[in-house]
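Architecture and fold: a report
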Amino acid sequence: MTHTAPIDLPPESDATTRDRALYEAGSASGGNNNALIALAAKLSGQSPLAIGRDIMRHARSGRGIEVSDYLRYQLWDRDLHPGDAADRFVGAATVWPVAHAVNSKSWWSAAEDKFAMSQLLAADGLPQPETVAVIDTASARSYGRVARIETGAALRDVVLSRPAGSLFAKTLDGMVGSGALALGAADASGLEVPGYGRLAYDEVISRVFGDAPYLLQTRLKNHPALAPFCTGLTTVRLPAFVMGRDVAVPMAVMKLATAGNEACAFWRPGNLVCGLDVDTGEVTRVAGRDGPRVAALPDHPERPGLTGLALPFWQQVRELHERAVRLFGGIAYQSTDIAITPDGPVLVELNYAGSFDVLQNGTGKGLLQPEVRDFFAFHGQDFAPKRRGLLRGITGRR
């Protein structure tokens, strides 16, 4: 498997800036549209003209397919996508226009402000990581009974009050997991931070966190059945499509932190994504990035046994998902990230919407399965063909 090339960033860049640059570089992997079309032609054995025509057909469908989506999902491959299977994929960039069309925006902050979200979860007693403190050096906000950290000295006191390596930090309003990191070994003079080395506490505040507010939470451990396959916390992503009083969960994936990564977002180089049987929790597919493509693997590349593994506590995972979704039931399309720990499932976070891309990458199937089409029809979202701007989307011309 190939990975994104290292990004040259100024050493003073904070963790969120570093991760966003890495994410954007990965999203653009493979170069411009002409280069991607040429690569698709080479991989498929078809001519660039034939590939261009097929891309045009998908682009005209109203499903938001761009050239990068076409290559990532290998939509030319009829063996991989028999019948109309290729026509069920949607473009990665469609998620926010579609989510805002079907969701009530009044629920945005309830889910995407991770402190507010955690308070709602706590009110219903749902298992989640303990929030030890909030790091916030810039806002006027209060966090009630949760400690607020504004200085290096305050960070030192909190870190040293906990076992070494037991804390994890994530941005309060971050998307795609940018800025998330585990805090390492510490003593009174400083702290080890991945990607930065050992820093004094004041430097951690200014250089690593910057002005972004962070949740400081207890670090979770993977269940022993999963731990051999991971280098960091792995989570199950379950979508929820809410129609009136009914909740459909037609697919499930698992984001696997590997290759030394502590966080499991699939855009991080080396991480894997797995398709799961939504009824049993069995791993049905393992996939990783191969340049601009996502390729299926026969098993975990370093430790066989992942394919076919039945995840522990699966019924409890589904029940936790259902409880959380109904607590946030005003969000028609939402998703949860659930860790499976030695003691059972823990809800890491709930999301207003959630990436279509990771669901399609994990399952190897297009989002528009029958239950999902029913959901979109219920909410008046039709994915009808849109002609305007078509050539600009294909050619990249302004």
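Attention here is on the structure that accompanies the text. Because the structure is a prediction, the values reported are computed rather than measured.

Next up on the list: the pattern of salt bridges. Considering all chains together, one arrives at 24 salt bridges under this definition. The closest approach of N and O atoms between Asp-113 and Arg-141, which form a salt bridge, is 2.7 Å. Of this pair, Asp-113 sits in the loop between helix H6 (108-112) and helix H7 (114-123) while Arg-141 is found in the loop between strand E1 (131-135) and strand E2 (147-149), placing the two residues 28 residues apart along the sequence. For Arg-293, the salt bridge is made with Asp-290, and the minimal N-O distance between the two is 2.9 Å. By relative accessible area, which is 22% here, Asp-290 ends up partly exposed. Where salt bridges share partners, they join Asp-54, Arg-57, Arg-63, Arg-78 and Asp-87 into one cluster.

What follows is about a nonpolar patch on the surface. Where nonpolar side chains cluster on the molecular surface, the patch consists of Tyr-23, Trp-108, Met-175 and Val-176 and spans about 300 Å² of accessible area. In this structure, Met-175 sits in the loop between strand E3 (167-171) and strand E4 (181-182). Assessed through its relative accessible area of 30%, Met-175 is described here as partly exposed.

Between the first and last C-alpha of helix H10 (residues 314-327) there are 20 Å, a value that for 14 residues agrees with the 20 Å anticipated at 1.5 Å per step. The elements touched by buried residues of H10 are strand E9 (235-243), strand E10 (246-248), strand E11 (252-256), strand E12 (272-276), strand E15 (333-341) and strand E16 (344-352).

Here the focus is the pairing of E1. The element E1 is extensively covered by neighbouring structure, given that five of its five residues are classed as buried. Relative to strand E8 (residues 214-218), E1 runs antiparallel, the two sharing four bridges. Residue pairing for E8: Thr-131 is matched across the bridge by Gln-217. As paired elements, E1 and E2 share three bridges and run parallel to each other. Each residue of the ladder has a partner; that of Ala-133, found in E2, is Ala-147.

Further remarks concern the state of the cysteines. Counted under the stated rule, the structure contains zero disulfides. No disulfide involves Cys-264; its sulfur sits 9.0 Å from the nearest other cysteine sulfur, which is in Cys-230. No disulfide involves Cys-274; its sulfur sits 8.8 Å from that of Cys-230, the nearest cysteine.

Basis of the calculations
- Residues numbered from 1 in each chain as written.
- Predicted model: local features only at pLDDT ≥ 70, side-chain atom pairs only at ≥ 80, totals over all residues.
- Heavy atoms only, no water.
- Salt bridge = Lys/Arg side-chain N within 4 Å of Asp/Glu carboxyl O.
- Helix = DSSP H or I, 4+ residues; strand = E, 2+ residues; numbered from the N terminus.
- Buried < 20%, exposed > 50% of the residue type's maximum accessible area, 1.4 Å probe, protein only.
- Patch = residues over 30% accessible without salt bridge, like charges linked within 9 Å, V, L, I, M, F, W, Y side chains within 5 Å.
- Areas by Shrake-Rupley, 256 points an atom, 1.4 Å probe, with all protein chains shown as cover.
- Expected span 1.5 Å × (residues − 1).
- Contact = heavy atoms within 4.5 Å.
- Pairing = 2+ DSSP bridges.
- Disulfide = S-S within 2.5 Å.

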